There are 2 protein chains.
Amino acid sequence: MEAAEIEELLTRKGVKPTPQRMVIADFLLHTFSHPTADEVLAAVENRLPCALSRATVYNTLNSLVAAGVIQEVVTEAGKTRYDANISEHHHFVDRKSGRIFDIPGDMVPKLKDNLGDKFQVHNYQITFYGDLLEDA
Amino acid sequence: MEAAEIEELLTRKGVKPTPQRMVIADFLLHTFSHPTADEVLAAVENRLPCALSRATVYNTLNSLVAAGVIQEVVTEAGKTRYDANISEHHHFVDRKSGRIFDIPGDMVPKLKDNLGDKFQVHNYQITFYGDLLEDA
DNA sequence: TCTCTCTTTAGACTTATTCTAAATGCAGAC
DNA sequence: GTCTGCATTTAGAATAAGTCTAAAGAGAGA
Ligand SMILES: [Mn+2]
Ligand SMILES: [Mn+2]
Ligand SMILES: [Zn+2]
Ligand SMILES: [Zn+2]
């Protein structure tokens, strides 16, 4: 995804593409690592000609979530992670390394209609915890 | 569950049953509400003859989790909740009220064996988000 | 150019959780 | 029954994640 596409994506989702938002979106759209806000800050602060504020990182992440460009992922207490993969998918957390892997939605049976008529499910997320075998 | 049973449970799991641990475990074993640490503190502090420290609440919750008496449940960023229901089950979060409901494990198809041979799943949790219909 | 509005910034603030160091409470040894 | 040692509890300090604030900056349109 190149700059023009990212700019078009942000504009289409109603987020004005400022330089700060562009580098943050660009970083998230090109990583598989489900970074925290601090990791985003560390990764992009040297891609801008001037200082990048922690507040701007949080503001931007919250705006991108609200606009549906990225999603929050919470796999462990106290750490919010961000994911530019907004397709229906789930997560596997390696208990040893803590690394998070995407599990495509179609690798898991669909669950929306199993809960009876009391719970109307809008969305759901599955987090698997276990051991990564064949080290990838 | 009465006091003697809770005492026996803690002892069997290797947690010495102090008065503080007893009231915290007793509260958790008798609620369906998935409380936060602060909610636990507020609920039990007047059940003890003397002051209860925030540190003790956290120490106890962490000990009970480590011993497998309770589990952590994270359904939203920044809030750790505790659940004395350690049977295999999942959660439904009402988007309007934030209330959390238990979804028995057998209401959802088993997923452990769907992920191929790269991911060895130890456990997993499903969080459903949606709207509670027929107000219960 | 002027002005309005949105954005960014640094740092203060809040909230959740952990750490620290001192006091307390028992259980076993004597 | 007293002593002693270790685990537990306590209040408050410290840390960490995230939000708020007030002032500065930047761009779009009149
Ligand atoms: Mn993902
Ligand atoms: Mn539960
Ligand atoms: Zn690209
Ligand atoms: Zn009972």
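Residues numbered from 1 in each chain as written. Chains lettered and ligands numbered in written order. Predicted model: local features only at pLDDT ≥ 70, side-chain atom pairs only at ≥ 80, totals over all residues. Heavy atoms only, no water.

**Q** Explain the packing of helix α2 (residues 19-29) of chain A against helix α4 (residues 54-66) of chain A to me, using residue names and the numbers behind them.
**A** Residue and element names in this part refer to chain A. Where α2 meets α4, the axes come as close as 10 Å, and the angle between the chain directions of the two elements is 65°. For the element pair α2 and α4, the recorded crossing hand is right-handed. Side by side, α2 and α4 meet where Gln20, Arg21, Ile24, Ala25 and Leu28 of the first sit next to Thr56, Val57, Thr60, Leu61, Ser63 and Leu64 of the second. Counted by class, the contact of α2 with α4 contains 6 nonpolar, 4 polar and 1 charged residues. (Axes fitted to C-alpha atoms, helices over the stretch in contact; angles between N-to-C directions. Helix = DSSP H or I, 4+ residues; strand = E, 2+ residues; numbered from the N terminus. Left-handed = near helix turned anticlockwise from the far one by under 90°. Contact = heavy atoms within 4.5 Å. Nonpolar A, V, L, I, M, F, W, Y, C, P; charged D, E, K, R; others polar.)

**Q** Could you give an account of the sheet that holds strand β4 (residues 100-104) of chain A, naming the residues involved and the relevant values?
**A** The strand order across the open sheet formed by 6 strands is β4(A)-β3(A)-β5(A)-β5(B)-β3(B)-β4(B), and the pairing between neighbours is mixed. Across the chains shown, the open sheet's two edge strands, defined by having one partner strand only, are β4 of chain A together with β4 (100-104) of chain B. Each strand axis lies, on average, 30° off the axis of its neighbour in the sheet, ignoring direction. (Pairing = 2+ DSSP bridges.)

**Q** Outline the packing of aromatic side chains, supporting the account with residue identities and numerical values.
**A** In this structure the tally under the stated criterion is 8 aromatic pairs over all chains. Relative to Phe119(B), the ring of Phe92(A) lies with its centre 4.4 Å away and its plane at 40°, an arrangement referred to as tilted. One end of the pair, Phe92(A), is in strand β3 (residues 89-94); the other, Phe119(B), is in strand β5 (residues 119-132), on a second chain. This pair shows no difference in class: Phe92(A) is buried, exactly as Phe119(B) is. Here Phe92(B) and Phe101(B) contribute two aromatic rings whose centre-to-centre distance is 6.5 Å and whose plane-to-plane angle is 55°, an arrangement assigned as tilted. The exposure class assigned to Phe101(B) is buried, which follows from its relative accessible area of 15%. Three or more aromatic residues link up through ring pairs in this structure, and these residues are Phe92(A), Phe101(A) and Phe119(B). (Phe/Tyr/Trp six-rings, centres within 6.5 Å; stacked < 30°, edge-to-face > 60°. Buried < 20%, exposed > 50% of the residue type's maximum accessible area, 1.4 Å probe, protein only.)

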